[in-house]
Amino acid sequence: MTALDTPPAAGAASPSRGGSRLRNVLKARETGILLALLAFLAVTTAINPRFVFSTDGFRDLFLTPSILVVLAVGQAMVIITRNVDLSVGSILGLTAYLAGRLFLDTGLPILVVVLVAVLAGAVLGLVNGLLVAFARVPALVITLGTLYVYRGIYLQWAGSDRINASDIPDGLLSFGTSSLLGIPQLAIVSFVVLALAAYWMRTSRGGRELYAIGSDPAAATLYGLKDKQRILTAFAASGALAGLAGILYVSRYGTISSGVGLGIELEAVGAAVIGGVAIFGGSGTVVGAAIGAYLLTSIDRGLPILGIPDFWQRAVVGLLILGAIVLDKVLAERQHTKLLAERHRS
Amino acid sequence: MSTTLSGPSTDGSATAPRTYADSARSPIARLLGTRDAAVLGLLLAVVVYAVAVVPNFDSELTVYFLVLDVAPILLIALPMTLVIVTGEIDLSVASIVAVTSVLFGVLTREGAPIALAAVLAVLAGALAGAVNGLLVTRLGLPSLAVTIGTLALYRGIAVGLLGTTAITDWPETWTDAVTATFGETQIPVIVVPLALAVVAFGLLLHFTSFGRGLFAIGLSSESARFSGVDVERTKLLAFVLTGLVSGVAGVYFTLRYGSSRGDNATGLELQVIAAVLLGGVSIFGGRGAIPGVLGGVLLIGVIGSALRLDGQSANVIQIVTGVLLVLSVVSAALLGWLSRRVRRRPPTAAEAAPPAVPTAGGM
């Protein structure tokens, strides 16, 4: 957090020359969660090599998390501004149904439908952002409300209809199952999203300002940052990514029924928190959130291999979230005492 | 509101309070201007409208189902108010309902007497609340993150214990006791314990030093500490009470629907929080009252049952609940903004009212 209090555009690591850069990488919060992920994969693979070393296993390793990764990236951007977006599951469902409806009722090309869905998601996110930024009400409450509203609209619109894989163009469905150089295309989409978001958050003025706002909202306002505009951007991005996730869902599963995206918002928040994004904003990275998403989905798939019935998956997720926030607290306190000690020395 | 708490008023307090804009008006005008009055007024309007327009709304059976359906929300909303007044939040309540419901079922299946199983389940609820509270107070973690974690954890334990199976063979004497009515009328017996709970929590929040401590913490946890409030213990108690009452709601839920399942009460936490905030409790802490919360809970219940009787689907009810939740918080901000504008307009209109203190913390 402290490194970010310096004026924006300066990278997170100021004394990063030569060997200390390696130390910074090793000390990064993301490295810990990555090691946890690798350890989990190693243990499960040792028990059942097919978990990673089979064509299906290797594909699922990247394919299954891709939707959650996209959501977690958007969620991380919002949480970094000291807000939260609980409506992403409903936006995902609504945009997935919108896309299905467009395929069913119109002959629009796939690319246009994708754009419409992403735009629709952005608009829904913008509604959240407007309410949060201008009414100055906690995002938790606003997005809890829009979670209800968006899901209600979706269910009311869909009724008992359900869209089947046969209604979806083959081009999109085959995109969801095919691979490029052994890596599923949906995963490639999530990598591209992650890379763009990570670059923007790290280097651009807008991205740094998101950190500044989340670190100390009052100071950000006094400093003259356009905080409302930035918060709108974060929510619109989260909504647009949820719209994209809706498309990925259609592409992967083909069937769109009433339960699409139900409860996935908590997994997205969980992924971000596990990945080191502080729930009160100002620190963490989208990369960490993405690794958190990988850990969550891998555990989901790996529990039965470890001999734990997958009914216990949510309990493990809960323990992980609690462990992550306790760890963050301990790290933050250690950093605090270290900085105090340094100040005394000088 | 803030006048009672505000500061180290010196001996000159005999004349000073009159200068506050709040106290300058008559008590009745003040009472009518509160959020509680607004919610209860809205509730009354909805009831009158529904009785006039919605067929069968005024039947006794409507009231019967309204009370039975609203009972778990009302029960949990009471201690949730205490938690939110301190500026914290508990998102794990529905999962506690589920885990206690499952525990109640499993214990009974394993041969424990039902009464004992119920008591143990409620105690387990209190324990779950204590875990939340200890993580928040001892480790100083944000309650939002903690209870998102325990939401998943408790729900996971509930689902893990029973899988997709359900325990449905409950003795009729017990299930009937929950849904019983007074003699020939359709007034359910559970109205009595519900009313007692509302009164008890009303007294606890508004007429005890514990309750004043909750408000003090919500307004400023530092100054509460300096004025002698044991902040940690007070918050911990609020969380334990929330867990305990959620356990009671879990036992009720099980008997009411005759089923103990891992996915019981999914999403109930949203309805509870919506009802509490609708009832005028500030999400920032330090403000709120039990009558308003009762109004908020009944408002959600009445709107739901009126729409259902009117032939609307559950989806419309979901939309309305969401819009109400958003409106309840946005309206507070909007009203604050409006009153600030109105007050700023006539700066020379010699009211001699120092506008500083009451509005500063507004919203």
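Residues numbered from 1 in each chain as written. Chains lettered and ligands numbered in written order. Predicted model: local features only at pLDDT ≥ 70, side-chain atom pairs only at ≥ 80, totals over all residues.

Some points on the overall build of chain B
For clarity, the threshold we go by: Secondary structure follows DSSP: runs of H or I at least 4 residues long count as helices, runs of E at least 2 residues long count as strands, and numbering of each begins at the N terminus. With C-beta atoms placed from the backbone, a residue counts as buried when 20 or more other C-beta atoms lie within 10 Å of its own, as exposed when 12 or fewer do, and as partly exposed for counts between those limits. Contact between two residues is assigned whenever their backbone-derived C-beta positions fall within 7 Å.
Scanning chain B for helices and strands turns up 17 helices and zero strands. A total of 363 residues make up chain B; the buried ones form 45% of that total. Within chain B, contacts between residues at least 6 apart in sequence are counted, and of these 77% link residues at least 24 apart.

Comments concerning the interface of chain B and chain A
With 37 residues of chain B at the interface, the matching set in chain A holds 39 residues. Counting residues per element, the ones that place at least two in the side of chain B that touches chain A are α8 (143-162), α14 (268-278) and α16 (314-344) of chain B. Broken down by element, the residue count for the side of chain B that touches chain A peaks at 14 residues, all from α8(B).

Let's talk about the confidence of the model for chain B
All names here are of chain B. The condition is simple: Each residue carries a pLDDT score, the predictor's own confidence in it, on a scale running from 0 to 100.
The predicted model of chain B averages 83 in pLDDT, with 85% of residues at 70 or higher. Below pLDDT 50 for its whole length, residues 1-16 participates in 13 contacts with residues either more than four positions away or in separate chains. Interface confidence for the predicted complex, given as ipTM, is 0.78, next to a pTM of 0.82.

Digging into the nonpolar core
Keep this limit in mind: We define a nonpolar core as a collection of buried residues of the types Ala, Val, Leu, Ile, Met, Phe, Trp, Tyr and Cys that are connected via C-beta atoms lying within 7 Å of each other.
By size, the foremost hydrophobic cluster in this structure holds 216 residues, and its most contacted members are L71(A), A72(A), V73(A), M77(A), A290(A) and A77(B). Beyond its immediate sequence surroundings of up to four residues, M77(A) is in contact with A197(A), M201(A), L210(A), A234(A), A237(A), S238(A) and V286(A).

Let's talk about the UniProt feature "transmembrane region" (unreviewed entry) in chain A
Residue and element names in this part refer to chain A. Quick reminder of the rule: UniProt positions are given in the numbering used here, feature names are shortened, and annotations may be inferred rather than shown by experiment.
Within this structure's numbering, the places UniProt gives as "transmembrane region" (unreviewed entry) are residues 31-49, 61-79, 110-132, 139-159, 179-201, 231-251 and 271-299. Taken end to end, residues 179-201 is 74% helix and 17% strand, and its two terminal C-alpha atoms sit 29 Å from one another. Helix makes up 100% of residues 231-251 and strand makes up 0%, while its end C-alpha atoms are separated by 30 Å.

Concerning helix α12 (residues 227-253) of chain A
Residues and elements named next belong to chain A. Note the threshold: Multiplying 1.5 Å by the residue count of a helix minus one yields the expected span of that helix.
Along its 27 residues, α12 runs 38 Å from first to last C-alpha, staying within 8% of the 39 Å computed at 1.5 Å per residue. α12 sits mainly inside the fold: 21 of its 27 residues count as buried. G254 lies just past α12 and shows a positive phi near 75°.

A short note on the packing of helix α7 (residues 114-137) of chain B against helix α13 (residues 231-257) of chain B
Residue and element names in this part refer to chain B. The criterion, for reference: Here, axes are lines fitted to C-alpha atoms. For helices the fit covers the stretch in contact, and angles between N-to-C directions go from 0 to 180 degrees. An angle counts as roughly parallel when it lies under 35 degrees, as roughly antiparallel when it exceeds 145, as roughly perpendicular when it falls between 65 and 115, and as oblique in every other case. For any helix crossing, the convention is left-handed if the near helix is rotated counterclockwise from the far helix by under a right angle, and right-handed if that rotation is clockwise. Classification used: nonpolar for Ala, Val, Leu, Ile, Met, Phe, Trp, Tyr, Cys and Pro, charged for Asp, Glu, Lys and Arg, polar for all others including Gly.
Across the interface, α7 lies against α13 with an axial gap of 7 Å and an inter-helix angle of 150°. Relative to α13, α7 is oriented roughly antiparallel. Pair α7 / α13 crosses with right-handed handedness. Among the residues forming the contact of α7 with α13, the class breakdown is 17 nonpolar, 10 polar and two charged.

Thoughts on the environment of I291(A)
All names here are of chain A. Summarising the element assignment, I291 is placed in helix α14 (residues 286-302). For I291, a count of 28 C-beta atoms within 10 Å puts it in the buried group. If sequence neighbours within four positions are ignored, I291 has contacts with E30, I33, L34, L37 and G275.

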